[in-house]
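Next come the chains, spelled out residue by residue.
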Amino acid sequence: MPTPPRRVPFNALDRQNGGDLGARMSEAARRVIGGGWYVLGAEVDAFELEFAAYCGTRHAIGVANGSDALELAIASLGLPAGSEVAVAPNAAMYATLAILANHLEPLFVDVDPVRATVDPRALAAAITPRTRAVVATHLYGALADMDAILAIARDRRLAVIEDCAQAHGAARDGRRAGAYGTLGCFSFYPTKNLGALGDGGAVTTDDDALAARVRQLRQYGWKEKYSVTVAHGRNSRIDELQAALLRLKLPLVDGWNARRREIAARYVGGIRHPGIEVPPTTGADHVAHLYVVRSERRDDLRGHLARCGVGVDVHYPIPDHRQPVFDGRHATVSLPVAERLACTSLSLPCFAELDDEEVDFVIDACNRWDG
C-alpha cells in the first residue's frame, strides 16, 4: 500500500500559480498596473492573436467568461426566435442557458456512451425542420466526433458551435478544438487547462463577419464608440491583467496536457476494482480536463474516497432536461445514456501538478473499496 499523503486534493491551483511562473505572473501584473490601460489594450490584442494562432483560426475574440462566449457566439448567428439548437444534456446547463438567453429552444440529444459527447446518430435522428444549429461540447477534455457532426451539419445546413471550455489544445489529425465549427467557445476559469486568475473567455472563428459581430456584441453593440448598430450587445470584455497572465500560460498548456494524459494513463493501468469502470487511455484528442470513472454504486464510492482523504466531485449530477427550472417541461424526453452517466459518473483528481505518489494513493484507495 502506498504511503498516504495527508490528503489528495481534487485540484490545487496554488501549485500551478506559484514558483517561477508565479513570479513571472507577478511581474506581468506590475507591468499592466504600471501601464495605466486596463481594458481592451495591447495585452488583449496580443493574447487574441496568440490564442488564434494556437487554435489555428483567423480570429480569437476575448470576452468576460465562457458563458458569455457561448451566448455571444449563438447571438452572432442571428437565428430566428424559437429556432432549435441541438445540444447534449450532460454538461451542467452552460450551453442550454446560452440557448435560452437567445430566445431559442434547446433540442436535447443523447451522447456517446464512451466519450460522453454528442452521439452523431442521435443527432441525425433528432433534427427537425426548426433546427438551425448544434452545440458540440468537448466534454471532460475529449473532442466530440467532429467529422460526423460536421457532415450532418453540412447536409442539414446547420451552424456548428464548439463548446471548448474543457478542451484547450485537444487535437485530431493536427486540428485543434475551436477550429472545427462555425465558432468555438472557450472558458479561462481558473480550473481549466488554460486558466486565468479569475474569469475570462474567448470566441474563435474563421469567419470575418462573425468575428466582427462578436466584437461588437461584447462591447454594447458599438460599431464605433457610442454608436450602437447591433442589438443585444453587452459589456463582456476580458481585461488586460487576465490577458497578460494567459499569455504567460499559453506556451505551457501542451506540457500540462501531456502530464494530465500521463495521470489518466496511470489510472487506466492501475484501477482494477470490478465495480469501477475506467475510460480508455487518451490520445491527443483528449486533454484529460477531468478523469471520470463510472460506478453503479457511485455515491458509496464517493463516500469511501472522501474518508480516505481523496478529493472527488460529480460532473454532472442532473441532466439538463431534468433540471428543476423546466418544471417537467421535458418530462417525456428519454436520453438513457446521459441519464445513466448522471447517476454513475465520478471525477478523480487529475491536474498537471498532481504527483505520482498522490496518483498511486488514489488508485490504491479505489482498489481497496469494499463496494
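Since the structure is predicted, the reported quantities are computational estimates derived from the model, not experimental observations. (Residues numbered from 1 in each chain as written. Predicted model: local features only at pLDDT ≥ 70, side-chain atom pairs only at ≥ 80, totals over all residues. Heavy atoms only, no water.)

## What to know about the packing of helix α4 (residues 66-76) against helix α5 (residues 94-101)
Relative orientation of the contacting elements α4 and α5 amounts to 40°, with a least axis distance of 9 Å. When the interaxial angle is binned, α4 and α5 end up oblique. Note that α4 runs across α5; the crossing there is right-handed. Together, Ser67, Leu70, Glu71 and Ile74 of α4 and Tyr94, Ala95, Ala98, Ile99 and Ala101 of α5 make up the contact between the two elements. Per-class residue counts for the contact of α4 with α5 are seven nonpolar, one polar and one charged. (Axes fitted to C-alpha atoms, helices over the stretch in contact; angles between N-to-C directions. Helix = DSSP H or I, 4+ residues; strand = E, 2+ residues; numbered from the N terminus. Parallel < 35°, antiparallel > 145°, perpendicular 65-115°, else oblique. Left-handed = near helix turned anticlockwise from the far one by under 90°. Contact = heavy atoms within 4.5 Å. Nonpolar A, V, L, I, M, F, W, Y, C, P; charged D, E, K, R; others polar.)

## A short note on α5
Three or more residues of α5 are buried, namely Ala95, Thr96, Ala98 and Ile99. Relative to the axis of α5, the buried residues are bounded by an arc of 160° and lie together on one face. The secondary structure elements touched by the buried residues of α5 are α4, β2 (84-87), β3 (105-108) and β4 (131-137). Looking one or two places after α5, you find His103, whose phi comes out positive at around 60°. (Buried < 20%, exposed > 50% of the residue type's maximum accessible area, 1.4 Å probe, protein only. Arc of directions from axis to C-beta.)

## As for the sheet that holds strand β5 (residues 159-163)
The sheet built from seven strands is open, its strands ordered β1-β9-β8-β5-β4-β2-β3 with mixed pairing. Both outer strands of the open sheet, β1 (59-63) and β3, are each paired with one neighbouring strand and no more. When the angles between neighbouring strand axes are averaged without regard to direction, this sheet yields 25°. Where strand β8 (residues 183-187) and strand β9 (residues 201-205) come together, four bridges link them in antiparallel fashion. Bridge assignment links Cys185 to a residue of β9, and that residue is Val203. The strands that helix α3 (residues 42-55) touches are β1, β8 and β9; relative to β1, the one it contacts most, it runs at about 130°. Helix-sheet contacts for helix α7 (residues 146-156) involve β4 and β5, and the interaxial angle to β5 is about 155°. (Pairing = 2+ DSSP bridges.)

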